[in-house]
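Per-entry structural report
Next come the chains, spelled out residue by residue.
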Amino acid sequence: MVVLRRIARRAVSMIPGGPAGSVLGIHVFHCPDAVGIVAKLSECIASRGGNIHSVDVFVPEKKQVFYSRSEFVFDPARWPRDVVDNDFNKISKLFSAEKSVVRVPDLDPKFKIAVLASKQEHCLMDLLYRWQEGRLPVDISCVISNHQRAPNTHVALFLERHGIPYHHLPTSAENTREAEILELVEDTDFLVLARYMQVLSRRFLESYGKDIINIHHGLLPSFKGGNPSKQAFDAGVKLIGATSHFVTEELDAGPIIEQMVERVSHRDTLKSFAQKSENLEKQCLTQAIKSYCELRVLPYQVNKTVVF
């Protein structure tokens, strides 16, 4: 059981009520619980002429730990970007924070990512189209795959049209190509596994040292191996889903970011069943990436997350 405090949430569609040139800022905070944290954060923003639009606070029951996520608007002419960081850093030191991050989407660079994919393309193409439409706050540096794609395929043509490099790195039990992958993703902020059907080693995870987001269908662990959709369809399941999570050494067992479910019935064919499953995977992965980029995801305990 937990205690969730939601403070002063107001729907914001476009930064109303702020001066001309105001921008949105996001701040997340994780520290030992103490009296006066919210007051200090509010004072910091207000003293610089900023206006808080929402604050979410989470304090687990019987645990001396505090999580918060704030959205506020401010005028960069009055509160320069570097001063914003300095001000919040002072509060971070005051409360011995484990995490204190500020992001200003209109001023900060987009998150730079690489996408790893295998033969299945539904998640990869969905990400590419959403990126093209400006619905994902990321820059895609490259796509890496252990599957070759002909130059005239829709994926290859899309990547060529947008100048996104495609790296074909076929893998084997003897050579997983992880050293080459590490070179290609060295400058990224995080990785996305869009149905990448290779297991990343502990050495790779330690060497990369940043977050990796994965997606898998919600048919695990009951239906493993080849063609899990057919296995589940033949078993007559009534509920399917998808899970997006951080990658850890334990396969498909990292902290969960997002989960989605949908009902299926006796009226579904194998084709409609599989389409529903793929649609859930696309939606779930997209939402996980958006939540991560909007600083909504914080680590909680050993293998959990707080998602504001």
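What counts, and at which threshold
- Residues numbered from 1 in each chain as written.
- Predicted model: local features only at pLDDT ≥ 70, side-chain atom pairs only at ≥ 80, totals over all residues.
- Heavy atoms only, no water.
- Buried < 20%, exposed > 50% of the residue type's maximum accessible area, 1.4 Å probe, protein only.
- Helix = DSSP H or I, 4+ residues; strand = E, 2+ residues; numbered from the N terminus.
- Pairing = 2+ DSSP bridges.
- 1 Å grid on protein atoms, 1.4 Å probe; cavity = no way out; pocket = protein on both sides within 12 Å on 5 of 7 lines; lining within 4 Å.
- Points joined across faces, edges and corners; volume = space filled by probe spheres on them.
- Arc of directions from axis to C-beta.
- Contact = heavy atoms within 4.5 Å.

**Observations concerning the pairing of strand 3 (residues 51-59)**
By the criterion of burial, strand 3 is predominantly enclosed, with 8 of the 9 residues buried. As judged from the 7 bridges shared by strand 3 and strand 4 (residues 65-74), these two strands associate in the antiparallel manner. By the bridge assignment, Phe-58 is partnered in strand 4 with Tyr-67. Taking the residues that link successive antiparallel strands as the turn, the strand 3-strand 4 hairpin has 5 residues, and the phi of Lys-62 there is positive, at about 60 degrees.

**Some thoughts on the layout of surface pockets**
Using a probe with the size of a water molecule, rolled over the atoms, empty space left in the structure can be pinpointed. Within this model, the largest pocket holds a volume of roughly 600 Å³. Taken together, 30 residues make up the lining of the largest pocket; nearest its centre are Arg-195, Met-197, His-216, His-217 and Asp-252. If you list the elements that add at least two residues to the lining of the largest pocket, you get strand 10 (212-217), helix 7 (228-235) and helix 8 (270-293).

**Concerning unusual backbone geometry**
Notably, Arg-177 is not glycine yet its phi reads approximately 65 degrees, a positive angle. Look at Arg-195: it is not a glycine, yet its phi comes out positive at around 65 degrees. On the secondary structure map, Arg-195 appears in the loop between strand 9 (190-193) and helix 6 (202-208).

**Digging into helix 4 (residues 154-162)**
Considered for burial, the residues of helix 4 that qualify are Val-155, Phe-158 and Leu-159. The buried side chains of helix 4 occupy one side of the element, clustering within an arc of 95 degrees when seen end-on. Turned more than 90 degrees away from the buried face of helix 4 sit Glu-160 and Arg-161, all of them exposed. Each element contacted by the buried residues of helix 4 is listed here: helix 3 (122-132), strand 7 (138-145) and strand 8 (166-168). At the exit of helix 4 stands Gly-163, carrying a positive phi of roughly 70 degrees.

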